[in-house]
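Each chain, written out:
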Amino acid sequence: MSDSLWDWRLAEFRDRTASDAPTPGGGSAAMVTAAIGLGLVLMALRVTARKAAEPVALAPLIDGGERLLAELSAHSDADIAVFDAYMAALKLPRASEEDKAARRGAIAEAAVAATEVPLNAAQSVLEALDLSRQAASVADTGILSDVGAGAALLHGAATAVLYAVDVNLKSVKDADLAADFARSRAHLAMAAGDRHRDIAAIVAERLG
């Protein structure tokens, strides 16, 4: 098996996602979706730059998009890695009291990581939506629909990856940390929704 799902063929990713294997799961699938969504936005920016009298003006947006594309892609693999680490912690021995204590500690640590990773991923998606909002205002109207489509995929990905926070949050035993994670989750969900509505309104106005 490859170390990265990005080395798989598209059909292989689809079929593994649909299989009874636990990975790739919702978090990694969400980040693949986010990467494809941002890819559409980048395509629209590149097509616009090709037609523009001063294409260099769009270079910062394109450069930022490429950085975010790499981040989103990395989050896909990170989601699988933290799930595997959590499952490995569950399988640790518990024959003695020392074993049980070590296992509890490993599970607690893995639960925190499994909650932090999707939160970080959602933050990257939020940044991609910010970039998409800028793209919606400058993209050539002939390809503006792809910005709208990309933003819709990004918003869906943000919603989807935050479910991974929900399922792992209950395993975080530190009450203060769990509360902080919950606040971050709520903020990210609201911000992603707000940004998507802004983008949809810009696209609708420019296409209308």
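The residue numbers shown here count from 1 along each chain, following its written sequence. In keeping with the predicted nature of the model, local features appear solely for residues at pLDDT of at least 70, side-chain atom pairs appear and are counted solely at 80 or more, and the whole-chain, interface and lining totals rest on all residues. Water and hydrogen atoms play no part in the side-chain values, which are based on all heavy atoms of the structure.

Undergrad: I'd like to hear about the overall build of the protein chain, residue by residue, with values.
TA: Within the protein chain, the regular secondary structure consists of six helices and zero strands. Helix numbers and strand numbers start at the N terminus; a helix is a DSSP run of H or I with at least 4 residues, a strand a run of E with at least 2. Beginning at the N terminus, the succession of helices and strands in the protein chain can be written as α-α-α-α-α-α. Principal axes of the C-alpha set define a box for the protein chain whose edges measure 70 × 40 × 30 Å. Classification of the 208 residues of the protein chain by burial places 40% in the buried group. Any two residues whose heavy atoms approach within 4.5 Å at even a single point are treated as in contact. Relative to all contacts within the protein chain whose residues are 6 or more apart in sequence, the contacts with residues 24 or more apart total 77%. Residue-level accessible areas treat just the shown protein chains as cover; the underlying method is Shrake-Rupley with a 1.4 Å probe. Carbon together with sulfur atoms contributes 57% to the accessible area of the protein chain, which is approximately 10,700 Å² in total. Working convention for charge: Lys and Arg count positive, Asp and Glu count negative, and His plus the chain ends are omitted. The location of each charge is read from NZ of Lys, CZ of Arg, CG of Asp or CD of Glu. Here the protein chain holds 20 positive side-chain charges and 28 negative ones, and the gap between their average locations is 4 Å. Here the term buried applies to any residue with accessible area under 20% of the maximum for its type, exposed to any over 50%, and partly exposed to those in between, with areas from a 1.4 Å probe on protein chains only.

Undergrad: Give a description of the packing of helix 2 (residues 26-51) against helix 4 (residues 97-138) that names residues and reports values.
TA: At a closest axis distance of 10 Å, the pairing of helix 2 and helix 4 adopts a crossing angle of 25 degrees. Regarding the angle of helix 2 to helix 4, the classification is roughly parallel. Note on packing geometry: the crossing formed by helix 2 with helix 4 is left-handed. Of helix 4, the residues touching helix 2 (which contributes Met31, Ala34, Leu38, Val41, Leu45 and Thr48) are Ala121, Val125, Ala128, Leu131, Ser132, Ala135 and Val138. Between N-to-C directions, angles cover 0 to 180 degrees, with each direction set by a line fitted to C-alpha atoms, over the stretch in contact for helices. Angular relationships are summarised with four words: roughly parallel below 35 degrees, roughly antiparallel beyond 145, roughly perpendicular across 65 to 115, and oblique for the angles in between. Handedness of a crossing is defined here by the sense of rotation of the near helix relative to the far one, left-handed for an anticlockwise turn of less than a right angle and right-handed for a clockwise turn.

Undergrad: Tell me about unusual backbone geometry, and please be specific about residues and values.
TA: Look at the link from Thr23 to Pro24: it is a cis peptide, with omega at 0 degrees. Within the secondary structure, Pro24 is located in the loop between helix 1 (10-18) and helix 2.

Undergrad: Account for the packing of aromatic side chains, naming residues and giving values.
TA: The description of an aromatic ring pair rests on the distance of the ring centres and on the angle between the ring planes. When the centres of two rings from Phe, Tyr and Trp lie within 6.5 Å, Trp using its six-membered ring, the rings pair. Their planes under 30 degrees apart give stacked, over 60 give edge-to-face, and anything left gives tilted. The full count for this structure, using the stated rule, is one aromatic pair. Judged by centre distance (6.3 Å) and plane angle (40 degrees), the ring pair of Trp8 and Phe13 falls under tilted. The pair formed by Trp8 and Phe13 is uniform in burial state, with each residue classed as buried. We note Arg16 situated over the ring of Trp8; from NZ or CZ to the ring centre the distance is 4.1 Å. Criterion for a charge above a ring: Lys NZ or Arg CZ within 6 Å of the ring centre, and within 35 degrees of the ring normal.

Undergrad: I'd like a description of the environment of Pro22, backed by residues and values.
TA: Along the chain, Pro22 turns up in the loop between helix 1 and helix 2. What makes Pro22 exposed here is its relative accessible area of 55%. For the pair Pro22 and Ile80, spaced 58 residues apart in the sequence, the C-alpha separation amounts to 9.2 Å.

Undergrad: Hey, could you go over the layout of surface pockets for me, with residue numbers and the actual values?
TA: The distinction between a cavity and a pocket rests on a 1 Å grid over the protein atoms alone: a 1.4 Å probe fits inside a cavity but cannot get out, while a pocket stays open yet meets protein on both sides within 12 Å along at least five of seven lines, and a residue with an atom within 4 Å of a point counts as lining. Grid points are joined across faces, edges and corners, and a volume is the space filled by probe spheres set on the points. Of the pockets and cavities examined, the largest pocket occupies roughly 230 Å³. As for the largest pocket, its lining consists of 13 residues, of which Asp79, Phe83, Ala164, Val167 and Asn168 are closest to the centre. Looking at the lining of the largest pocket, the elements that each hand over two or more residues are helix 2, helix 3 (59-90) and helix 5 (144-169). If you tally residues by element for the lining of the largest pocket, the top one is helix 3, at four residues. Within the lining of the largest pocket, the residues separate by chemical class into seven nonpolar, five polar and one charged. Only Asp, Glu, Lys and Arg are considered charged in this grouping, and only Ala, Val, Leu, Ile, Met, Phe, Trp, Tyr, Cys and Pro are considered nonpolar; every other residue, Gly among them, is considered polar.

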